[in-house]
Each structure stands twice: as C-alpha cells, then as structure tokens.
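What follows is the residue order along each chain.
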Amino acid sequence: MELNDFSKDFHTSLDTIQWVITGYVLATGIAVPFSGWLINRFDGKNIYFISQLLFLIISILFWDFTEY
C-alpha cells in the first residue's frame, strides 16, 4: 500500500493518513468479533437482511448528498 499516494490524492499529511488507517484497522478489529456475536445471539439470516436493508435505506437517504 502506498501511503504517499494516499497523502497526495487526499491532499493531507502522511501522519493523518496513518491515523486514518490505524482507526480503520481498530474499527475492523472490533466489528468482526461483534458481528460474530450478533450472528450467534440472533439468527444469521435476520442480521444479514437487516444490515442489507439499513445499507439500502442509508444509501437512498444520502444519494444526492454532494455538498462536501
């Protein structure tokens, strides 16, 4: 992975890119066990359906949000 390319593409410092990647890795490290717990606690099909439905609803709500 080329961090310098990210830094140039997003017009930000290398430190900021490293913090963003660290945050992403930490969030993934929390989300994977949590999703496993959700599937064990509730029905996996329902969790999958609800997550797809939420993604669809949020995508529809923000499809034209281009101010930023």
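Residues numbered from 1 in each chain as written. Predicted model: local features only at pLDDT ≥ 70, side-chain atom pairs only at ≥ 80, totals over all residues. Heavy atoms only, no water.

1. Let's talk about the overall build of the protein chain
From N to C terminus, the protein chain includes three helices and zero strands. Listed by position from the N terminus, the elements making up the protein chain come as α-α-α. For the protein chain, whose C-alpha radius of gyration is 17 Å, the value lies well above the compact-globule estimate of 11 Å for 68 residues. Seen through its C-alpha atoms, the protein chain measures out along the principal axes to roughly 45 × 30 × 15 Å. (Helix = DSSP H or I, 4+ residues; strand = E, 2+ residues; numbered from the N terminus. Rg over C-alpha atoms; globule rule 2.2 N^0.38 Å.)

2. As for the environment of threonine 22
Tracing the sequence through the fold places threonine 22 in helix α2 (residues 14-41). Residue class for threonine 22 comes out partly exposed when judged on its relative accessible area of 39%. Remark: the alpha-carbon pair of threonine 22 and asparagine 4, spanning 18 residues in sequence, is separated by 15 Å. (Buried < 20%, exposed > 50% of the residue type's maximum accessible area, 1.4 Å probe, protein only.)

3. Re the environment of leucine 14
With respect to the helices and strands, the residue leucine 14 is situated in helix α2. Counting along the chain gives 10 residues from leucine 14 to asparagine 4, while the straight-line C-alpha distance between them is 6.7 Å. With near-sequence residues (within four places) excluded, leucine 14 lies in contact with Leu3, Asn4 and Ser7. (Contact = heavy atoms within 4.5 Å.)

4. Details of the side chain of serine 7
Here serine 7 shows up in helix α1 (residues 3-9). Residue classification places serine 7 among the buried positions, given a relative accessible area of 13%. Those residues within four positions of serine 7 in sequence are excluded, and the remaining contacts are Thr12, Ser13, Leu14 and Ile17.

5. A closer look at unusual backbone geometry
Unlike most non-glycine residues, histidine 11 shows phi in positive territory, near 55°. Topologically, histidine 11 is positioned in the loop between α1 and α2. What makes histidine 11 exposed here is its relative accessible area of 74%.

6. Quick word on a nonpolar patch on the surface
Judged by side-chain polarity, Phe49, Ile50, Leu53, Leu54, Leu56, Ile57, Ile58, Ile60, Leu61, Phe62, Trp63 and Phe65 come together as a nonpolar surface patch covering roughly 1,300 Å² of accessible area. When you line up the elements, leucine 61 lands in helix α3 (residues 44-61). We classify leucine 61 as exposed; its relative accessible area is 62%. (Patch = residues over 30% accessible without salt bridge, like charges linked within 9 Å, V, L, I, M, F, W, Y side chains within 5 Å. Areas by Shrake-Rupley, 256 points an atom, 1.4 Å probe, with all protein chains shown as cover. Salt bridge = Lys/Arg side-chain N within 4 Å of Asp/Glu carboxyl O.)

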